[in-house]
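A closer look at the structure
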Amino acid sequence: MANDHAHSHTALIWKVFAFLSVVTIVEVFLGIKKPDFLYLTHFLGTSFLNWIFLILTLVKAYGIAWYFMHLRDEKTWLRRAIVWPVVFLISYLAFFLLYEGGALQDILREWTRWSYN
Amino acid sequence: MEATIAESSKGKTWSGGGNRPFDASYGKMMMWFFIMSDALTFSGFLGAYGLIRFKFIDSWPIADEVFTHIPFIHGNFPMYYVAFMTFILIFSSVTMVLAVDAGKHMKQNKVIVYMLLTIIGGLIFVGSQAWEWKNFIGGQYGAVQLTDGKIVQFVDAEGHQVTLESFASDAPSERIQQTRSNGLWFVSEGALPPVTLQQVKEGFAKHPEIAMRTELINLETKKKTIVSREEANKFLAHATQVVKGANLKVNEYGATLFADFFFFITGFHGFHVFSGIVINIIIFFNVIIGTYQRRGHYEMVEKVGLYWHFVDLVWVFVFTFFYLI
């Protein structure tokens, strides 16, 4: 086996679960409340609130991949072979798709009528 | 079963000839590469959703107003139920990782218990998703679609959405449900909306306190725009049909693509959860009959565990992009 750990990870697993739960509760709380000073702002293409959601989501993804999928126990280069391509390709794809979406909106706005005569 | 596999093929076909690059077995490595490709598939879908959402950023439906149901309780409860679903999935991830952990210590009974809990968690999640779909498809308030495809909804004086039935007139309807027994036997028809367009128009004229809301979002207040009575009548002159609920062609929440992406992405994820449950059940029975105890290790549990965690990982993103942002 790759990981012949003599000790059990149970305590760590429950800690990670507690952490993920707290992050989820914070997300849901903010999602229901939507405080104006975060929601009605604009920063790098979207509101502060959305940036908070995005960062918390990435934190959760890290927790799941590192501890639950035990990437941290794998050899360094297996870990890098998995994480680097995914992170690079997804950032690339997301950047261009979202940027293009914004450009489409800029054009579409001119041609959309919201009143009738 | 282990004993039935010929000794010569064992350890060659399925273990890459015993090579262990990066100290990982062939099976585990391939599971990781499958997960990577699946992650890219999901990011393609979510990226497409993001593109369309940015394209219609000034008129996209507001998630809080769409997903507001809790079982057995009436009222407006955004987010709570989907938060519950998220917890179920995270918790089933925890029991899965506990099963893997117990497997490393060759504790068969513990693996059985934790695998069972994982499967139950998965079933609860899929069931919840089916319920979520049912509410989404059934709809809540109803809306009217215009000739150019726009959706208009109706609100009361406080700006809360109201159902069409609550103000539509009871003018006699000229249209009855087509069924095989009262119409053409070879033609079937989806459920008719609860009210007709004529009834909505008459009801709207009779109730001055009811206002019309368009899809357009005021970017300052991030609320949908409520138009004046005069404007509203011009909108209604262009109405083509009453919409209740959602399908792939039209939905009462707003942009058609909103429902299309919702069905496609949550459906694709739900199908992953379903496959995960099936694979978990197969491995669960293998654990019960002692296959891995005899093999000397529980790596299969670890591998299905990786898949199961991945499904949880994807849900974390779906949750964020469909419900939070």
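Residues numbered from 1 in each chain as written. Chains lettered and ligands numbered in written order. Predicted model: local features only at pLDDT ≥ 70, side-chain atom pairs only at ≥ 80, totals over all residues.

For the rest of this paragraph, the subject is the overall build of chain B. Per the secondary structure count, chain B includes nine helices and five strands. Taken over C-alpha atoms, the radius of gyration comes to 26 Å for chain B, far larger than the 20 Å a tight globule of 325 residues would show. Projected onto its principal axes, the C-alpha coordinates of chain B cover approximately 80 × 55 × 35 Å. (Helix = DSSP H or I, 4+ residues; strand = E, 2+ residues; numbered from the N terminus. Rg over C-alpha atoms; globule rule 2.2 N^0.38 Å.)

If you look at the interface, chain B gives 51 residues, while chain A gives 52 residues. At the level of secondary structure, the elements contributing two or more residues to the side of chain B that touches chain A comprise helix H1 (26–55), helix H3 (80–104), strand S3 (211–218), helix H6 (229–237) and helix H9 (299–324) of chain B. If one sorts the elements of the side of chain B that touches chain A by residue count, H1 of chain B sits on top with 14 residues. A breakdown of the residues in the side of chain B that touches chain A according to their chemical character gives 28 nonpolar, 12 polar and 11 charged. (Contact = placed C-beta atoms within 7 Å. Nonpolar A, V, L, I, M, F, W, Y, C, P; charged D, E, K, R; others polar.)

What follows concerns the confidence of the model for chain A. The predicted model of chain A has a mean per-residue pLDDT of 90, with 94% of residues at 70 or higher. Predicted confidence for residues 1–6 of chain A stays below pLDDT 50, and this span has seven contacts to residues more than four positions away or in other chains. (pLDDT = per-residue confidence, 0-100.)

Here chain A is partitioned into domain 1 (1–73) and domain 2 (75–117). For domain 1 of chain A and domain 2 of chain A, the distance between their C-alpha centroids amounts to 22 Å. (Domains from an automatic or database assignment.)

Attention now goes to the nonpolar core. Membership of the largest hydrophobic core comes to 73 residues, with the highest contact counts inside it found for Ala99, Val111, Met115, Val301, Val314, Val318 and Phe319 of chain B. If you list the elements that add at least two residues to this core, you get helix H1 (10–33) and helix H3 (48–68) of chain A together with H1, helix H2 (63–66), H3, helix H4 (108–138), helix H7 (256–288) and H9 of chain B. With 17 residues, H9 of chain B is the largest single contributor of residues to this core. By size, the runner-up hydrophobic cluster in this structure holds 14 residues, among which are Val144, Ala168, Ile210 and Val243 of chain B. (Core = buried A, V, L, I, M, F, W, Y, C linked by C-beta atoms within 7 Å. Buried ≥ 20, exposed ≤ 12 C-beta atoms within 10 Å, placed from the backbone.)

Residues and elements named next belong to chain B. Taking strand neighbours across the sheet as the criterion, the five strands line up as S4-S3-S2-S1-S5 in an open arrangement whose pairing is antiparallel. Lying at the two open borders of the sheet, with one neighbouring strand each, are strand S4 (223–227) and strand S5 (239–243). Neighbouring strand axes in the sheet, compared pairwise and without regard to direction, differ in orientation by 40 degrees on average. Relative to S5, helix H5 (residues 197–206) is tilted by about 100 degrees, and along the sheet it contacts strand S1 (143–146) and S5. (Pairing = 2+ DSSP bridges. Axes fitted to C-alpha atoms, helices over the stretch in contact; angles between N-to-C directions.)

It is worth spelling out the domain arrangement of chain B at this point. Residue and element names in this part refer to chain B. On domain assignment, one finds that chain B holds domain 1 (50–139 + 258–324) and domain 2 (143–244). Using C-alpha coordinates to define each centre, domain 1 is positioned 36 Å away from domain 2. A per-class count over the side of domain 1 that touches domain 2 returns no nonpolar, two polar and two charged.

Residue and element names in this part refer to chain B. Remark: H7 packs on H9, axes separated minimally by 10 Å, with the N-to-C direction vectors making an angle of 160 degrees. Of the possible angle classes, the one that applies to H7 and H9 is roughly antiparallel. Every pair of crossing elements has a handedness; the one defined by H7 and H9 is left-handed. Residues Phe262, Ile265, Thr266, His269, His272, Val273, Gly276, Ile279, Asn280, Ile283, Asn286 and Val287 of H7 form the contact with H9, whose own contacting residues are Met300, Val301, Val304, Tyr307, Trp308, Val311, Val314, Trp315, Val318 and Phe322. Of the residues that constitute the contact of H7 with H9, the class distribution is 16 nonpolar, six polar and no charged. (Parallel < 35°, antiparallel > 145°, perpendicular 65-115°, else oblique. Left-handed = near helix turned anticlockwise from the far one by under 90°.)

On average, residues of chain B score 90 in pLDDT, and 94% of them reach the 70 mark or higher. Scored as a complex, the prediction yields pTM 0.89 and ipTM 0.91.

Next up on the list: the pairing of S3 of chain B. Residue and element names in this part refer to chain B. The sheet contact formed by strand S2 (residues 151–155) and S3 spans three bridges and is antiparallel. Among the inter-strand pairings, Gln153 is bridged to a residue of S3, identified as Arg213. In the sheet, S3 pairs with S4 via four bridges, with the strands oriented antiparallel. Bridging from a neighbouring strand, Arg213 pairs with Ile226 of S4. The hairpin turn running from S3 into S4, its antiparallel successor, is four residues long, and Lys222 in that turn takes a positive phi close to 55 degrees.

A few words on the packing of H3 of chain A against H9 of chain B. Following both chains from N to C, one finds H3 of chain A and H9 of chain B inclined at 175 degrees, their axes separated by 10 Å at the closest point. Taken as axis vectors, H3 of chain A and H9 of chain B run roughly antiparallel relative to one another. Of the residues in H9 of chain B, those touching H3 of chain A at Phe53, Leu54, Thr57, Lys60, Ala61, Ile64, Ala65 and Phe68 of chain A are His309, Asp312, Leu313, Val316, Phe317, Thr320 and Leu324 of chain B. In terms of residue class, the contact of H3 of chain A with H9 of chain B is made up of 10 nonpolar, three polar and two charged.

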